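Architecture and fold: a report
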Amino acid sequence: MSRIVVLIALLLSLPLLGLGVPFLFPESIPGAASIGGQGTLAHLWEFVLGDYLISTVILLVGVALGVFVLGVGNAWLVANYQFPGKRIFEWALILPLAVPTYVMAYLFVDMLDFSGPVQTGLRQVFGLERLWFFPDPRSLGGAIWTFSFCLFPYVYLIARTAFLDRSGRLSEVAETLGYSGFQAFYKLVLPMARPAIFAGMALALMEVLADYGAVSYFGIQTFATGIFRAWLSFGDRLAAVQLSLGLLAFVFLIFYIEQHNRARLRYATSGSVPRATMAKKLSGKNALFAFTVCGLTVLCSFVLPVLGLLQLQWEQGITIDARYTTWLGNSIWLASVTALISVVCALFLAYFARASKSAMMRTVNRLLGLGYALPGAVLAVGILSLLGLIDSAWIMSATVWVLIYAYLIRFLSSSLQSVETGLSRITPAMDGTAALLGASQWQTMTQIHLPLLKRSLLTAGLFVFVDVMKELPATLLLRPFNFDTLAVATYQLAADERLSELALPSLTIVLAGLIPVIVLSQAMSKTRAY
């Protein structure tokens, strides 16, 4: 059994090995054998790599600040205060997770450009033909705004849990020492929640690095857009591989900083107190301020984008693109098959690690969980490099299983974490009791563990299903000819400025994304602060 687990791990790590093909087998790429790839890299550094580095760093810093302010601010208000609408905001603040970043980018630009409703209304109010002071929405600042409002729920979810799990009397003790409410938050509560907040920020920044649809629509030069340009426009496999390694270095740097930050800090809680003693009731201006902050966040991050899609659909009318059913069928088929395979693999890996109690198996599972940190473009380039090495790239035009393979590597961690969490809730005493009653390991799993894991398995499959529905970079590079999904169709329609036609596929993706949000909101209701 251990050999099978190791074999699965090796199969899922092949794309990373594919990034080393130009260096291990330089003869497989024209021009790489003679110059070792240094010529291409020098060319990239001289002309474009500097722009990629600068724009990527600025984007990461801006989004980090944005998700911190939105996520931590809203989490602190919801976790610690009572105000009108709080119970709605508790789950409404995670709704932006249902909106893909590339959809938000299209709607943001559509609403704020020169012909959009915002500038049109302001020109009428001020009586001006042109708003010279209005910033260009299709810019780096617009991208930071878009990513911040799309991805802040990562920080909100983790920070809210950290605030609820802190020592119940910490704020009261701080007040007795003469600290104001802000000083208690800044000097005591925030440092205690820093590892959790940093973990949420790391997840958001990894999503930024992995994104292609939004940054390409905003016209920003990042490593992701460079990979697509090098591979698709210039046909330069070596440049695509080197840019993929650069992007991967950014991802590993963020991951290392997050892990190092978490490992250095150790906190203990002094016990829990009733929630009623923790949440302070706000009134007057303070209650209005809290309601306004949370309300504007939900409005800008979810309500307005959905209303924008509905308006575009209204302009389009009841006419449905004849290709829509094909896009929907392709998306559902890919998502369903990937979800099923990932759940089976996750169940096998997690259950074997539990049964064997092997440190090596747990390490293998943790390494497989890193797949979510790998951008889709990097995975695609690694797979294409391997196929080019064995001269089998032709299968890309004939099968979708290579695409499913990439999805499985990227999203296996979602199902693996869910299954491992479910197994951790099953006491090992059940296994011993079943063994004493003569049950085999297979009978124990099928008759005891699987019934108890139904909810975890369903949740695991659900999250993978939605992630596949929204995935764009890997799908663009690895899909067969004439095989489009809802995500690809949305991107292509936006690139052609046919925004009214992308309303229906975008709404479909958003509706699919609402399913795990509902699951999360139900889980959050069990830890609601009163």
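Because the structure is a prediction, the values reported are computed rather than measured.

**Notes on the overall build of the protein chain**
In terms of regular secondary structure, the protein chain is built from 24 helices and two strands. Total accessible area computed for the protein chain in this model is approximately 25,000 Å², and 66% of it derives from carbon and sulfur atoms.

**Description of the pattern of salt bridges**
Working definition: two side chains of opposite charge can pair if their charged atoms are close together. The final tally for this structure, using the stated rule, is six salt bridges. For Glu90, the salt bridge is made with Arg160, and the minimal N-O distance between the two is 3.7 Å. Residue Glu90 is located in helix H5 (residues 86–92), and its partner Arg160 is located in helix H8 (residues 140–164); the two are separated by 70 residues in the primary sequence. The class for Arg160 is buried, based on a relative accessible area of 2%. Note that Glu497 and Arg138 form a salt bridge whose closest N and O atoms lie 3.3 Å from each other. Of this pair, Glu497 sits in the loop between helix H23 (486–495) and helix H24 (503–525) while Arg138 sits in the loop between helix H7 (117–126) and H8; the two residues are 359 residues apart in sequence, bridging distant segments of the chain. Salt bridges linked by common partners bring Asp496, Arg498 and Glu501 together as one network.

**Concerning the environment of Val155**
Positionally, Val155 belongs in helix H8. Taking C-alpha positions, Val155 is 6.6 Å from Val67, a pair spaced 88 residues apart along the chain. Those residues in contact with Val155, other than ones at most four positions away along the chain, are Val67, Gly71, Val72, Ile197, Gly200 and Met201.

**Looking at empty space enclosed by the protein**
All chains considered together, the criterion is met by two cavities of 30 Å³ or more. Computed from the structure, the largest cavity encloses a volume of approximately 80 Å³. Lining the largest cavity, in full, are Thr56, Leu59, Leu60, Val208, Leu209, Asp211, Val215, Thr222, Phe223, Ala224 and Leu247. Those elements giving two or more residues to the lining of the largest cavity turn out to be helix H4 (38–80), helix H10 (181–210) and helix H12 (223–233). Per element, the largest residue contribution to the lining of the largest cavity is three residues, and it comes from H4. Residue composition of the lining of the largest cavity, by class: eight nonpolar, two polar and one charged. There is about 40 Å³ of room inside the second largest cavity.

**Things to note about the packing of aromatic side chains**
All told, the structure shown has 15 aromatic pairs when counted by the stated rule. Put simply, the rings of Phe108, Trp145, Phe149 and Phe218 touch in pairs and so form one group of aromatic residues. In this structure, Arg123 is placed above the aromatic ring of Phe114, and the distance from its NZ or CZ to the ring centre is 4.0 Å. Lying over the aromatic face of Tyr217, Arg138 brings its terminal NZ or CZ to 4.3 Å of the ring centre.

**Some points on the packing of helix H19 (residues 428–436) against helix H20 (residues 441–452)**
The geometry of a pair of packed helices is captured by two quantities: the angle between their axes and the separation between those axes. Packing of H19 against H20 brings their axes to within 11 Å, and their N-to-C directions diverge by 150°. Between H19 and H20, the interaxial angle falls into the category roughly antiparallel. Every pair of crossing elements has a handedness; the one defined by H19 and H20 is right-handed. Residues Met430, Asp431 and Ala434 of H19 form the contact with H20, whose own contacting residues are Thr444, Ile448, His449 and Leu452. In terms of residue class, the contact of H19 with H20 is built from four nonpolar, two polar and one charged.

**Points about the side chain of Ser414**
Tracing the chain through its elements places Ser414 in helix H18 (residues 401–424). Not counting residues within four places of it along the chain, the set of residues in contact with Ser414 comprises Tyr372, Val464 and Asp467.

**Here's the deal with unusual backbone geometry**
The phi dihedral of Asn482 falls on the positive side, at around 60°, and the residue is not glycine. Along the chain, Asn482 turns up in the loop between helix H22 (473–478) and H23. The class of Asn482 is exposed, set by a relative accessible area of 80%. A positive phi is found at Glu497, a non-glycine position, where the angle reads about 60°.

**Focus on the nonpolar core**
Counting 166 residues, the largest nonpolar core has Tyr106, Phe147, Phe163 and Ile197 as its most contacted members. For this core, the element with the highest residue contribution is H8, accounting for 15 residues. Among all residues touching Tyr106, those that are not within four sequence positions of it are Gly213, Tyr217, Thr490, Tyr491, Ala494, Leu499 and Leu502.

**Examining helix H15 (residues 324–356)**
Across its 33 residues, H15 extends 47 Å between first and last C-alpha, which sits within 8% of the 48 Å expected from 1.5 Å per residue. Within two residues after H15, Lys357 carries a phi angle of roughly 55°, on the positive side.

**Structural notes on the side chain of Asp484**
Relative to the helices and strands, Asp484 is located in the loop between H22 and H23. A polar contact is formed between the side chain of Asp484 and the side chain of Arg479, at a distance of 3.0 Å. In contact with Asp484, other than residues within four places in its own chain, are Thr326, Trp327, Asn330, Arg479 and Gln492.

**With respect to the confidence of the model for the protein chain**
Confidence in the prediction for the protein chain averages 81 pLDDT; 85% of positions are at 70 or higher. Within the protein chain, helix H3 (residues 32–35) has the poorest average pLDDT of any element, 44, and helix H14 (residues 284–316) the best, 91. A low-confidence stretch, residues 33–37 (pLDDT under 50), is modelled with seven contacts involving residues beyond four sequence positions or located in other chains. For residues 268–277, every residue scores under 50 in pLDDT, and the model assigns this stretch 16 contacts once sequence neighbours within four places are set aside.

**Thoughts on the environment of Leu164**
Along the chain, Leu164 turns up in helix H8. Spatially, the C-alpha atom of Leu164 lies 9.5 Å from that of Ala75, the residues being 89 residues apart in sequence.

**Quick word on the packing of helix H17 (residues 376–389) against H18**
It is the contact of H17 with H18, at a shortest axis distance of 10 Å, that shows an interaxial angle of 135°. If you check the angle between H17 and H18, you find them oblique. Note that H17 runs across H18; the crossing there is right-handed. Judged by residue contacts, Gly376, Leu379, Ile383 and Leu387 of H17 engage Val402, Tyr405, Ala406, Ile409 and Arg410 from H18. Taken together, the residues of the contact of H17 with H18 break down into seven nonpolar, one polar and one charged.

Conventions and cut-offs
- Residues numbered from 1 in each chain as written.
- Predicted model: local features only at pLDDT ≥ 70, side-chain atom pairs only at ≥ 80, totals over all residues.
- Heavy atoms only, no water.
- Helix = DSSP H or I, 4+ residues; strand = E, 2+ residues; numbered from the N terminus.
- Areas by Shrake-Rupley, 256 points an atom, 1.4 Å probe, with all protein chains shown as cover.
- Salt bridge = Lys/Arg side-chain N within 4 Å of Asp/Glu carboxyl O.
- Buried < 20%, exposed > 50% of the residue type's maximum accessible area, 1.4 Å probe, protein only.
- Contact = heavy atoms within 4.5 Å.
- 1 Å grid on protein atoms, 1.4 Å probe; cavity = no way out; pocket = protein on both sides within 12 Å on 5 of 7 lines; lining within 4 Å.
- Points joined across faces, edges and corners; volume = space filled by probe spheres on them.
- Nonpolar A, V, L, I, M, F, W, Y, C, P; charged D, E, K, R; others polar.
- Phe/Tyr/Trp six-rings, centres within 6.5 Å; stacked < 30°, edge-to-face > 60°.
- Lys NZ or Arg CZ within 6 Å of the ring centre and 35° of its normal.
- Axes fitted to C-alpha atoms, helices over the stretch in contact; angles between N-to-C directions.
- Parallel < 35°, antiparallel > 145°, perpendicular 65-115°, else oblique.
- Left-handed = near helix turned anticlockwise from the far one by under 90°.
- Core = buried A, V, L, I, M, F, W, Y, C linked by side-chain atoms within 4.5 Å.
- Expected span 1.5 Å × (residues − 1).
- Polar contact = N/O pair within 3.5 Å; in protein donor to acceptor, adjacent residues only side chain to side chain.
- pLDDT = per-residue confidence, 0-100.

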